[in-house]
Number of protein chains: 2
Amino acid sequence: MGEYGQFCPVAKAAEVLDERWTLLVVRELVAGSTRFNDIHRGVPRMSRTLLTKRLRTLVDQGLITRREERQGPVYELTTAGNELAAVVDVIGQWGIRWLSSLSDEDLDPALLMWDMHRRVDLGALPPGRTVLAVVLDHAAPQLRNWWLVLDQHEADVCDYDPGFGTDLTMQASTGTLVRIWRGELGWDDAVRTSRLELRGPSELRRQVRTWFQLSPFATVSRPEARDAG
Amino acid sequence: MGEYGQFCPVAKAAEVLDERWTLLVVRELVAGSTRFNDIHRGVPRMSRTLLTKRLRTLVDQGLITRREERQGPVYELTTAGNELAAVVDVIGQWGIRWLSSLSDEDLDPALLMWDMHRRVDLGALPPGRTVLAVVLDHAAPQLRNWWLVLDQHEADVCDYDPGFGTDLTMQASTGTLVRIWRGELGWDDAVRTSRLELRGPSELRRQVRTWFQLSPFATVSRPEARDAG
DNA sequence: CAGGATCCGATTAGATACTG
DNA sequence: CAGTATCTAATCGGATCCTG
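Residues numbered from 1 in each chain as written. Chains lettered and ligands numbered in written order. Predicted model: local features only at pLDDT ≥ 70, side-chain atom pairs only at ≥ 80, totals over all residues. Heavy atoms only, no water.

1. Comments concerning the interface of chain A and chain B
For step 1, the next point in the chain: At the junction of the two partners, chain A supplies 59 residues and chain B supplies 59 residues.
For step 2, the next point in the chain: Taken over both partners, the interface formed by chain A and chain B buries close to 5100 Å², and the fraction arising from carbon and sulfur atoms is 69%.
For step 3, the next point in the chain: In terms of surface lost to chain B, no three residues of chain A exceed Tyr4, Phe7 and Trp94 of chain A, which account for 17% of the buried area on that side.
For step 4, the next point in the chain: The interface formed by chain A and chain B holds four salt bridges in total.
For step 5, the next point in the chain: Here Asp106 of chain B ties to Lys12 of chain A by a salt bridge, and the two come within 2.7 Å at their closest N and O atoms.
For step 6, the next point in the chain: There are 20 residue pairs in polar contact (both at pLDDT 80 or more) connecting chain A and chain B.
For step 7, the next point in the chain: When residues of the side of chain A that touches chain B are assigned to their parent elements, the largest contribution, 12 residues, is made by helix α6 (residues 84-98) of chain A. (Contact = heavy atoms within 4.5 Å. Buried area = accessible area lost by both parts, 1.4 Å probe. Salt bridge = Lys/Arg side-chain N within 4 Å of Asp/Glu carboxyl O. Polar contact = N/O pair within 3.5 Å; in protein donor to acceptor, adjacent residues only side chain to side chain. Helix = DSSP H or I, 4+ residues; strand = E, 2+ residues; numbered from the N terminus.)

Below you can see the structure in the form of structure tokens.
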């Protein structure tokens, strides 16, 4: 795409980073995804064709490598690409401070579940397997019900009942969970006001909040409420 | 333009920042430009129509304000916009570390002179007015000769002889000056190898290197030279 | 100096269908 | 699972001309 014709390092970096979707693909790689389909789950609105193209560009630019494994291609950040973690971090910090108004379009249930499953603190789980059902109020029928299958080794997310039974059910609107996720609404506050409902053994109801680490940006300090000028 | 449909703060920030040219316009504002023409001198390849459009978008997004003054409109960063300085900084640091290969297109003489004039350390200048002529080897005729008119209060850049006489002349290729500017080539090294030639009183020849602060990214540490994997 | 209005060509990305 | 190929609709941005 476009070059800026400037020797400024900001301009040279922008040539690489400001192409549409690129920063989000990098974010997925920074978050640890290495397989095509995993990366795509983090950018589901991107066509697979376009993702292919962006990945190739990133390889050409030396930000990632592509390796053929038995299970298929594996994408990994190079040293240069890895240092973009700092860029993603600062941009996210700015974003959470100043861009808090979300449209309904932004409240993507599948994305929320994908994010949650990836931030599970495996060490905080009870022994054995735990199945957490999540019900998202008002979501479209096929996006309403989710199951997180958690054990000490991995966290899986399903959009169908995996058939192990349910240990705990969590019910809320997608917006409520997103606000909790982003650190804009306290867990206790949400429970107290019944915006977040938990059903199951009281011990699990108490513990569940420790199973998730929330968004990496949840703890970023927010600006004082006053005009932006 | 495009929305990503994600609640992730990185995605929300990218919606604002990854539109073409936007980051460079922000960079100009962070660097201190407030007038339309000054901003445009920092992004000369951007059409004025497009710059107008981007500025309006930035106002709508609450990153800058536009104020009508007697001399004309003045653009200024809001608190939110001002915090983008950190984003510009991190991106520039990454850029100078990993994107050192510049095309001829990137070596824009006018941009270099504009950058230099803006990073003059007024306090380091000799008393009174100093005129520094700059000759850029191999540049197109109308981009070869420049004059920096420096005094304790301001630094001006002209592409014509302002008629005050010349105290010191600096001659080099644009590429050499850019590499010095970016911190990739030492001043002494350039002088010793005659890539940078100075003509004028020996005292000024010795002092001139202190008049410029170089690029804000000149002092960023560079990666060790080895493969990027 | 700081734009507004238009037109038009180039680029882009989504949708769709197909492949090993 | 991980793409490729193709077509089309939409968008974007440069050029040009005009304004107060």
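2. Quick look at the relation of the copies chain A and chain B
For step 1, the next point in the chain: The two copies are related by a screw motion: chain A maps onto chain B through a turn of 180 degrees and a shift of 0.0 Å along the axis, at an RMSD of 0.0 Å. Such a combination of rotation and displacement between the chain copies is what one expects of a two-fold axis. Closest approach to the rotation axis among the C-alpha atoms of chain A is made by Asp18 of chain A, whose C-alpha sits 2.2 Å away.
For step 2, the next point in the chain: Comparing interface residues between copies, 100% of those in chain A also lie at the interface in chain B; the contact surface is shared. (Least-squares fit on C-alpha atoms with pLDDT ≥ 70 in both.)

3. Section: the protein's contact with DNA strand C
Residues and elements named next belong to chain B.
For step 1, the next point in the chain: Taken together, 16 residues lie near DNA strand C, and Arg35, Asn37, Thr52, Arg66 and Tyr75 sit nearest.
For step 2, the next point in the chain: Restricting attention to atoms of DNA strand C within 4 Å of the protein, one finds that 89% of them are sugar or phosphate atoms.
For step 3, the next point in the chain: Backbone polar atom of Asn37 to a phosphate oxygen of DNA strand C: 2.9 Å apart, as the coordinates give it.
For step 4, the next point in the chain: Note that a phosphate oxygen of DNA strand C is positioned 3.1 Å from one of the side-chain N or O atoms of Arg56.
For step 5, the next point in the chain: Here the surface near DNA strand C is built from residues that sort into five nonpolar, five polar and six charged. (Near = heavy atom within 4 Å. Nonpolar A, V, L, I, M, F, W, Y, C, P; charged D, E, K, R; others polar.)

4. Comments concerning the sheet that holds strand β4 (residues 145-150) of chain A
Residues and elements named next belong to chain A.
For step 1, the next point in the chain: Pairing within the open sheet is mixed, and its five strands lie in the order β5-β4-β3-β6-β7. Taken across any chain shown, the strands that pair with only one partner, and hence form the sheet edges, are β5 (155-158) and β7 (196-199). Here the strands of the sheet are splayed against their neighbours by 20 degrees on average, with no regard to which way each runs.
For step 2, the next point in the chain: In this structure, strand β6 (residues 168-173) lies alongside β7, joined through four bridges in antiparallel fashion. When the sheet's bridge partners are listed, Ala172 is paired in β7 with Leu196.
For step 3, the next point in the chain: Docked against the sheet, helix α7 (residues 109-118) engages β3 (130-137), β4 and β5, running at close to 10 degrees with respect to β4.
For step 4, the next point in the chain: Against the sheet, helix α9 (residues 174-181) contacts β3, β6 and β7, and its axis sits at roughly 100 degrees relative to β6. (Pairing = 2+ DSSP bridges. Axes fitted to C-alpha atoms, helices over the stretch in contact; angles between N-to-C directions.)

5. Looking at the packing of helix α1 (residues 9-17) of chain A against helix α6 (residues 84-98) of chain B
For step 1, the next point in the chain: Axis separation between α1 of chain A and α6 of chain B bottoms out at 7 Å; the angle between their running directions is 85 degrees. Viewed along their axes, α1 of chain A and α6 of chain B adopt a mutual orientation that is roughly perpendicular. Two secondary-structure elements touch here, α1 of chain A through Pro9, Val10, Ala13 and Val16 of chain A and α6 of chain B through Val88, Ile91, Gly92, Trp94, Gly95 and Ile96 of chain B.
For step 2, the next point in the chain: The residue makeup of the contact of α1 of chain A with α6 of chain B, split by class, is eight nonpolar, two polar and no charged. (Parallel < 35°, antiparallel > 145°, perpendicular 65-115°, else oblique.)

6. A closer look at the domain arrangement of chain A
All names here are of chain A.
For step 1, the next point in the chain: Considered domain by domain, chain A is made up of domain 1 (9-98) and domain 2 (104-211).
For step 2, the next point in the chain: Tallying the contact residues gives nine residues for domain 1 and six residues for domain 2.
For step 3, the next point in the chain: Both faces combined, the contact of domain 1 with domain 2 buries some 680 Å², and carbon together with sulfur accounts for 48% of it.
For step 4, the next point in the chain: Contact with domain 2 buries surface across domain 1, with Arg41, Arg45 and Ile96 losing the most and accounting together for 57% of the total.
For step 5, the next point in the chain: Applying the counting rule to domain 1 against domain 2 returns two salt bridges.
For step 6, the next point in the chain: When the shortest N-O distance is used, the salt bridge between Glu105 and Arg45 registers 3.3 Å.
For step 7, the next point in the chain: Across the contact surface, domain 1 and domain 2 share two residue pairs in polar contact (both at pLDDT 80 or more).
For step 8, the next point in the chain: Ranked by the residues each element gives to the side of domain 1 that touches domain 2, the list is headed by helix α3 (residues 36-42), at three residues. (Domains from an automatic or database assignment.)

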